[in-house]
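Chain and residue survey
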Amino acid sequence: MRRTVFNEDHEAFRETLRAFIEAEVVPVYDEWFAAGQAPRDFYYKLGELGIFGINVPEEFGGAGMDSHKFEAVLYEETARAGVQFGGSGVHVLLALPYIKMLATDEQKKRYLPNFVTGEEMWAIAMTEPGTGSDLAGMKSTAKLSEDGTHYVLNGAKTFITGGVHADRVIVCARTAAPTAEDRRHGISLFAVDTKSEGYSVGRKLDKLGLKTSDTAELAFVDVKVPVEDLLGEENKGFYYLGHNLASERWGIAFGAYAQAKAAVRFAKQYVQERTVFGKPVAHFQNTKFELAACQAEVDAAEAVADRATEALDAGELTPAEAASAKLFCTEVAHRVIDRCLQLHGGYGYMNEYPIARLYADNRVNRIYGGTSEIMKTIIAKDMGL
């Protein structure tokens, strides 16, 4: 089936990106994998390539695009090569929408030029130990000083992707107590400078997958955050978080589809080269049937992912549609990658093969950004159930 989601500009970007990955990432990726993170200077290279500035207005050093399709190409090309760009996905997919939506002109002038170049990497800190998906239950606090010049931030966060290398982190904290009517009231967002006194990075967490993205615990002890670094209005943070969930879930959905597509590519290549009983594994009917079934699922996921991309670019992707795309694409990827690993036999369990790393990387897609169970709840509510 002919795809219509990408144009010549996107395909030109794809060619440039593919060449960059082959030259700058593939040769050293095993080193990143062993170290558990991409090196900090790699993000400067992404800045030079223009990855961070695609959706940043031109006046702040970006390309001024208003589309997620270049991000979609990035998902496809990194998955195709069996690599990740460290924790940089959070920088663009999660942090940038909050800056664009909430930052004042003065804040954008301070934040965005260094954001584009990679000199200032961003992350976002929502989850706390013991809260999980219940963001309204967060305990971190930010109290305004008596002279009104700064907030005093205290608390802890966990599972913060990009947290080791981050130069600024959008921290969610309570500036007021929840009310009896609305326990989500009282959360605010702050662009916290990680060099601030009292800010500390705890453990770099040892994850099952996504080994090259630095994920950490963070702690705040009487961290002074200037009032100039409050993002948006006080106490409206929960609303802001909900506003950007659709784009976040689109990213997870599209990334999962891209992983499933890559898994079929890896399996097809393997079964054509690997021989058993004197014949290529691809010769056997079971192999053909398994890969054919996987390809059919990938085709369906591609259609869902593309449709969600068009809706997102048009500003029409609803929370329920984003939840549906995430649920479908992540579940398809789970099934497809598992079956493609099976076709590799014992070698599929070895980390030297990209299918093994893909299997581990993919598992979190049904958890973060809202679990599959949460997605079903959102969809059911939209159905009037």
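Our subject is the structure listed above.
Just so we're clear, the structure is a prediction, and the values are computed from it rather than from any experiment. (Residues numbered from 1 in each chain as written. Predicted model: local features only at pLDDT ≥ 70, side-chain atom pairs only at ≥ 80, totals over all residues. Heavy atoms only, no water.)

This part is about the overall build of the protein chain. Secondary structure summary: the protein chain contains 12 helices and 10 strands in total. What you see for the protein chain is a C-alpha radius of gyration of 21 Å, in line with the 21 Å of a compact globule of 385 residues. For the protein chain, with 385 residues in total, the buried portion stands at 51%. Put simply, 75% of the contacts in the protein chain that link residues at least 6 apart link residues at least 24 apart. Approximately 18100 Å² of the protein chain is accessible, and the part contributed by carbon and sulfur atoms is 53%. Side-chain charges in the protein chain split into 42 positive and 54 negative, and the spacing between the mean points of these groups amounts to 6 Å. (Helix = DSSP H or I, 4+ residues; strand = E, 2+ residues; numbered from the N terminus. Rg over C-alpha atoms; globule rule 2.2 N^0.38 Å. Buried < 20%, exposed > 50% of the residue type's maximum accessible area, 1.4 Å probe, protein only. Contact = heavy atoms within 4.5 Å. Areas by Shrake-Rupley, 256 points an atom, 1.4 Å probe, with all protein chains shown as cover. Lys, Arg positive; Asp, Glu negative; His and termini not counted. Charge placed at Lys NZ, Arg CZ, Asp CG, Glu CD.)

Once that is clear, we can look at the packing of aromatic side chains. Per the counting criterion, the structure on display carries 17 aromatic pairs. A ring pair is formed by Tyr 111 and Trp 122, whose centres lie 5.0 Å apart and whose planes are at 75 degrees; its orientation type is edge-to-face. Of this pair, Tyr 111 sits in helix H6 (residues 105-117) while Trp 122 sits in strand S1 (residues 122-125); the two residues are 11 residues apart in sequence, bridging distant segments of the chain. Of the aromatic side chains, those joined through ring pairs into one cluster are Phe 20, Tyr 29, Trp 32, Phe 42, Tyr 43 and Phe 85. Over the aromatic face of Phe 33 sits the side chain of Arg 357, whose NZ or CZ is 4.2 Å from the ring centroid. (Phe/Tyr/Trp six-rings, centres within 6.5 Å; stacked < 30°, edge-to-face > 60°. Lys NZ or Arg CZ within 6 Å of the ring centre and 35° of its normal.)

Here we take up the nonpolar core. Grouped together as the largest cluster of nonpolar side chains are 109 residues, with contacts concentrated most on Val 25, Phe 42, Phe 85, Leu 153, Leu 189, Val 336 and Cys 340. The element best represented in this core is helix H8 (residues 245-273), accounting for 15 residues. (Core = buried A, V, L, I, M, F, W, Y, C linked by side-chain atoms within 4.5 Å.)

Turning our eyes to something else, we now look at the pairing of strand S2 (residues 141-144). The sheet contact formed by S2 and strand S3 (residues 150-161) spans 4 bridges and is antiparallel. Considered in S3, the bridge of Ala 142 is made with Leu 153. The antiparallel hairpin formed by S2 and S3 contains 5 residues in its connecting segment, where Gly 148 sits at a positive phi of about 75 degrees. (Pairing = 2+ DSSP bridges.)

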